[in-house]
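# Observations on chain architecture
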Amino acid sequence: MRIVPPLLCLLAAFPAGCASTSPEPEVAQPAPLPAECAAFVADRVLLTIGAEVARQGATVPLHAYVPQGPYSPKQVPLTCLRGWTVNPAGSAEISIDPPRLTIAANAPAGEILTLGADAPGGFAYLTTMLVGRDEIVLTGRWQQTDVECPEGPPPPEPVRELIVNAMGEYSVTWMPFETYKDYWGKARFDAAGRRLTLTVDGGNRQPVGAQLEGEASIDAEGRLILDGFHLGPENHIGPAHRCRYVFTR
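So, here is what we can say about the structure in this document. (Residues numbered from 1 in each chain as written. Predicted model: local features only at pLDDT ≥ 70, side-chain atom pairs only at ≥ 80, totals over all residues. Heavy atoms only, no water.)

What follows concerns the side chain of Ser91. Tracing the sequence through the fold places Ser91 in the loop between strand 5 (82-87) and strand 6 (92-95). Given the relative accessible area of 2%, Ser91 is considered buried. In this view, Ser91 contacts Val86, Thr102, Ile103, Ala104, Ala107, Pro108, Leu113 and Leu130; residues no more than four positions away in its chain are not counted. (Helix = DSSP H or I, 4+ residues; strand = E, 2+ residues; numbered from the N terminus. Buried < 20%, exposed > 50% of the residue type's maximum accessible area, 1.4 Å probe, protein only. Contact = heavy atoms within 4.5 Å.)

As structure tokens, this is what we get:
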């Protein structure tokens, strides 16, 4: 009698060879999106926070919305977004219910905060500046309420819209209409020295001889004070004399 070695018996019983018979690990599947999310599969979704900047230690509302359409903007439930990312890592925490963003107390001031998530119609993201807990920032939409020019007459038109965004960009508009701007460029603010420098990158009515560097501060009433500036208009002839502007939100 020939004795078949145990290994040959095993191979005979399982012709596939030595393949493992252990069950494959199950991959967790994400929960299905709520039914109301189907309404946004063809939309571009944007993220926004309820603050001009992301300040260390602050907790602010977090929203997703669709900017276009006859009833824009349309709010999008945060439950319709998946795969959230925060960069720099650890600089903020996202809450879905309630919808809010909490900035870490030690978030790196001066760096750009980027939030991202997969929305039904594609990737949604937000970028804003991380700022110190007590740092002075000029970010916002401002309207001129007063101007004083000791060296000459005041500008004939008030600045009805001065916008400074969290990415260091600004625009000046005398007569706002939809998305129209008179001129725009970069804003560099030295908070320690309270010094603001504006550079013009383009525009529809660019000022001639404007004075775009001077002192900037936020007073106790929350007003923006620009001292030593002359913002236009474009038909000003010769070097502009310095003025003190007062803006409110």
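Here we take up the sheet that holds strand 17 (residues 243-248). Sheets are built from strands paired through backbone hydrogen bonds, the pairs being either parallel or antiparallel. The sheet built from 8 strands closes into a barrel, its strands ordered 10-11-12-13-14-15-16-17 with antiparallel pairing. For this sheet, the mean inter-axis angle between neighbouring strands, taken without regard to orientation, is 35 degrees. Across 5 bridges, strand 10 (residues 140-148) lies against strand 17 in antiparallel orientation. Looking at the pairing, Val147 lines up with Tyr245 of strand 17. (Pairing = 2+ DSSP bridges. Axes fitted to C-alpha atoms, helices over the stretch in contact; angles between N-to-C directions.)

In this section: the state of the cysteines. The final tally for this structure, using the stated rule, is 2 disulfides. Between Cys37 and Cys80 runs a disulfide, and the two sulfur atoms are separated by 2.0 Å. Residues Cys37 and Cys80 are joined by a disulfide whose S-S torsion is about -90 degrees; by sign, that bridge is left-handed. Here the residue Cys37 occupies a position in the loop between helix 1 (6-13) and strand 1 (46-49), and Cys80 occupies one in the loop between strand 4 (74-76) and strand 5, the gap between them amounting to 43 residues. What makes Cys37 buried here is its relative accessible area of 2%. Accessibility expressed as a relative area gives 1% for Cys80, which makes it buried. Two residues, Cys149 and Cys243, share a disulfide whose sulfurs are 2.1 Å apart. Looking down the S-S bond of the Cys149 and Cys243 bridge, the torsion is 110 degrees, so its handedness is right-handed. Note that Cys149 is positioned in the loop between strand 10 and strand 11 (161-164) and Cys243 in strand 17, a separation of 94 residues in sequence. (Disulfide = S-S within 2.5 Å.)

All chains considered together, the criterion is met by 3 aromatic pairs. The interplanar angle of 55 degrees and the centroid separation of 6.0 Å between the aromatic rings of Trp174 and Tyr183 together place this pair among those described as tilted. Of the two residues examined, Trp174 and Tyr183, each falls in the buried class. Measuring from centroid to centroid gives 5.9 Å for Tyr245 and Phe247, while their planes differ by 15 degrees, and the two rings are stacked. Ring pairing ties together the aromatic residues Tyr170, Trp174 and Tyr183, which thus form one cluster. (Phe/Tyr/Trp six-rings, centres within 6.5 Å; stacked < 30°, edge-to-face > 60°.)

Our next topic: empty space enclosed by the protein. As enumerated under the stated definition, the model contains 1 cavity of 30 Å³ or more in all. Reported here for the largest cavity is a volume of approximately 50 Å³. If you go around the largest cavity, the residues you meet are Leu138, Leu162, Val164, Tyr170, Ala187, Leu196, Leu198, Leu224 and Leu226. Of the residues that constitute the lining of the largest cavity, the class distribution is 9 nonpolar, no polar and no charged. (1 Å grid on protein atoms, 1.4 Å probe; cavity = no way out; pocket = protein on both sides within 12 Å on 5 of 7 lines; lining within 4 Å. Points joined across faces, edges and corners; volume = space filled by probe spheres on them. Nonpolar A, V, L, I, M, F, W, Y, C, P; charged D, E, K, R; others polar.)

Omega for the bond connecting Asn87 with Pro88 falls within 30 degrees of zero, at 5 degrees, which places this linkage in the cis form. Relative to the helices and strands, Pro88 resides in the loop between strand 5 and strand 6. Geometrically, the link from Asp97 to Pro98 is a cis peptide bond, its omega value of 5 degrees lying close to zero. Mapped onto the fold, Pro98 is located in the loop between strand 6 and strand 7 (100-103). Phi is positive for Glu178, which is not a glycine, with a value near 50 degrees. Tracing the sequence through the fold places Glu178 in the loop between strand 12 (169-173) and strand 13 (183-190). Phi is positive for Arg194, which is not a glycine, with a value near 55 degrees. Summarising the element assignment, Arg194 is placed in the loop between strand 13 and strand 14 (195-203). On the basis of relative accessible area, Arg194 is assigned to the partly exposed category, the value being 40%.

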